[in-house]
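# What the coordinates show
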Amino acid sequence: MPDSVTITDNRTGESFEIPIVDGGVDASEWRNNLPGLWFLDPGFTTTASTESAITELDGANGILRYRGYPIEQLAEHSTFLEVCYLLINGELPNQQQLDKWIYDVTHHTFIHENMRKRFYEGFHYDAHPMGMLVSAIAALSTFYPEAKNIEDPINRLIQINRLISKGPTLAAMAYRASIGMPFVYPDNELNYAENFLSMMWKIAEPRYIPDPVLSRALDVLLILHADHEQNCSTTALRVIGSSHADPYSSVAGATAGLYGPRHGGANEAVIHMLRDIGSYENVESFIETVKGGDGRLMGFGHRVYKAYDPRARIVKDHAEEVFKVTGKNPLLDIALKLEEIALEDDYFKSRNLYPNVDFYTGLIYQAMNFPMDMFTVLFAIGRMPGWLAHWNEAIEANVRISRPRQVYVGPSERNYVPVSERD
Ligand code: CMC
């Protein structure tokens, strides 16, 4: 049997054959043979928008690999900065490369004082940290105008280094601004996760050193969020980047995509849901409400995973370690009961709805004292290397500008009527 599909245009009786390559068909063959006949694919459920060598996601079997390495192995043995290097460069670093990379990231964590004094101070006192982060990342492009020179690979790596270095600084500043606390400068003696926790929580002590269990748990959570192929925010980034916007503007657009409750905002929505449920006894009636079409079980379901999200399993294991240090999050029992019932229920089983990464992350963040409106910010820090790896890959491949078509369903031509003559 040939590995191809044959399409017959019943209007003309003409047929053409398209080879199947890597599990897909080249849509340009369709366009060349059937000009003007569009695929209608809202939400891109059947469209592969690009070729990519970064992340392999097999949703049917619950498999996630960065550059070929299983997420389980990276979460157990690697660090977030090593994973950043892997995603961006395609290979794990040797010791010398790793040392240099860590040094470079650690020594670019400071941001221009105007950002702190003039930019952050301009926000309203209760501004959401994600709104601040989106704007702050975009504002960085004005401090690095040379970032526009996207054709130069060395220049691209400098901007990638800066964004990974400064992400936690911008994020912690957004939090400190939102609670009216003075900004804490980065501490180059600490590792990536420790430094972020220091910028979040340090008060008057000479040096803030977090509990190693908590900083390691945070590092693992960042690894789990580091990339997830063509999700909403990464697709937004690739679309913006295809116009050759600078990387700061492209990443700001991706961060905005992450903000919504259907994407990066789901971890916050999970905590709201668990609080609304209120107690263990209310779980069954809540599930019935969802099945009746009123609301969704937040932290459940995924466009690609039709099996248990492998990241959710790792998060669940780490939750236990974190709770040994912080004490158990009282919402955990409600979450466990929800999962237990949903996994046995036909409504969820028949739709392949399993916990996704967001189901348990919020519980950990909350136990670590992060306020809810910082949850998506944490996701953004983690996703930064993935966004940048995709941006770099797309620029290197010189992809065409994104410009989908539409199927027009509005009124056909009609004549303008002066306002005095309208009903
Ligand atoms: N609770 C209850 N029913 C659901 C849920 C849910 N969480 N998710 C999907 N369904 C139902 C949906 O009602 C539909 O049922 P029916 O066929 O009877 O109309 C069916 O499952 C298919 O849903 P869909 O909306 O067509 O699926 P989608 O692929 O467009 O949406 C999703 C994916 C993640 C937006 C959706 O599952 C959802 O809203 N989940 C809750 C929000 C959430 O946890 N988001 C985090 C995603 S993981 C983090 C990330 O990678 O960004």
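Everything that follows concerns the structure shown earlier in this document.
Read on for an overview of the structure. Source: prediction; values computed, not measured.

### A word on the pairing of strand β5 (residues 63-66)
The side chains of a regular strand alternate, first on one face of the sheet and then on the other. Burial along β5 is one-sided: L64 and Y66 are buried, and none of I63 and R65, which face the opposite way, are. Where strand β4 (residues 55-58) lies against β5, four bridges are found, and the strand directions are antiparallel. Within β5, the residue paired with T55 across the bridge is Y66. Taking the residues between adjacent antiparallel strands as the criterion, β5 and strand β6 (residues 69-70) are bridged by two residues, where R67 takes a positive phi near 50 degrees.

### Here's the deal with the site of the ligand
The ligand sits among 17 residues. The nearest are H263, R296, L297, G299 and R303. Between G299 and the ligand, the recorded distance is 2.8 Å, taken from a backbone N or O atom to an oxygen atom. Protein contacts shield 72% of the accessible area of the ligand, which totals 950 Å² for the unbound molecule. Partitioned by chemical class, the residues of the shell around the ligand number seven nonpolar, five polar and five charged.

### Quick notes on the side chain of T55
One can find T55 in strand β4. Under the relative-accessibility criterion, T55 is labelled buried at 10%. At a separation of 2.6 Å, a polar atom in the side chain of T55 contacts the side chain of D227. Dropping the residues within four chain positions of it, T55 is found in contact with L64, R65, Y66, L87, D227, H228 and E229.

### What to know about a nonpolar patch on the surface
Nonpolar side chains collect at one region of the surface, where W38, L40, V407 and V409 lie side by side and expose about 430 Å² of accessible area between them. Inspection of the secondary structure assignment puts V407 in the segment after α18 (375-396). V407 gets classed as partly exposed once you look at its relative accessible area, which sits at 40%.

### Comments concerning the pattern of salt bridges
Taken as a whole and judged by the stated rule, the model has 16 salt bridges. When the shortest N-O distance is used, the salt bridge between R65 and E56 registers 3.0 Å. Here K316 ties to E339 by a salt bridge, and the two come within 3.3 Å at their closest N and O atoms. With K316 in helix α14 (residues 310-326) and E339 in helix α15 (residues 332-344), this residue pair connects regions lying 23 residues apart in the sequence. Taken together, the salt bridges that share partners define one network made up of E113, R116 and K117.

### Concerning empty space enclosed by the protein
Enumeration according to the criterion identifies one cavity of 30 Å³ or more in this entry. Roughly 40 Å³ of internal volume is contained in the largest cavity. Contributing to the lining of the largest cavity are F110, I111, H112, E113, R116, T169, F183, Y185 and P186. Each residue belonging to the lining of the largest cavity can be placed in one class, and the counts come to five nonpolar, two polar and two charged.

### Observations regarding the pairing of strand β1 (residues 4-9)
Note that β1 and strand β2 (residues 14-21) share six bridges and pair antiparallel. The residue of β2 that forms the bridge with D9 is E14.

### Let's talk about the sheet that holds β5
Sheet strands pair via backbone hydrogen bonds, and the direction of the pair is either parallel or antiparallel. With antiparallel pairing, the three strands of this open sheet are ordered in space as β4-β5-β6. Edge positions in the sheet fall to β4 and β6, since each has one partner strand and no second. Inspection of the sheet shows β5 paired to β6 by two bridges, in the antiparallel sense. Pairing of R65 across the sheet is with P70, part of β6.

### Thoughts on the packing of aromatic side chains
With the rule as written, the count across this model stands at 18 aromatic pairs. Where Y85 meets W101, the ring centres are 6.3 Å apart and the plane angle is 70 degrees; that geometry is what we call edge-to-face. Of this pair, Y85 sits in helix α3 (residues 80-89) while W101 sits in helix α4 (residues 95-106), placing them 16 residues apart in sequence. Given the relative accessible area of 13%, Y85 is considered buried. Judged by relative accessible area, which is 11%, W101 ranks as buried.

What counts, and at which threshold
Residues numbered from 1 in each chain as written. Predicted model: local features only at pLDDT ≥ 70, side-chain atom pairs only at ≥ 80, totals over all residues. Heavy atoms only, no water. Buried < 20%, exposed > 50% of the residue type's maximum accessible area, 1.4 Å probe, protein only. Helix = DSSP H or I, 4+ residues; strand = E, 2+ residues; numbered from the N terminus. Pairing = 2+ DSSP bridges. Near = heavy atom within 4 Å. Polar contact = N/O pair within 3.5 Å; in protein donor to acceptor, adjacent residues only side chain to side chain. Areas by Shrake-Rupley, 256 points an atom, 1.4 Å probe, with all protein chains shown as cover. Nonpolar A, V, L, I, M, F, W, Y, C, P; charged D, E, K, R; others polar. Contact = heavy atoms within 4.5 Å. Patch = residues over 30% accessible without salt bridge, like charges linked within 9 Å, V, L, I, M, F, W, Y side chains within 5 Å. Salt bridge = Lys/Arg side-chain N within 4 Å of Asp/Glu carboxyl O. 1 Å grid on protein atoms, 1.4 Å probe; cavity = no way out; pocket = protein on both sides within 12 Å on 5 of 7 lines; lining within 4 Å. Points joined across faces, edges and corners; volume = space filled by probe spheres on them. Phe/Tyr/Trp six-rings, centres within 6.5 Å; stacked < 30°, edge-to-face > 60°.

Without other data, these values stay purely geometric and don't point to any function.
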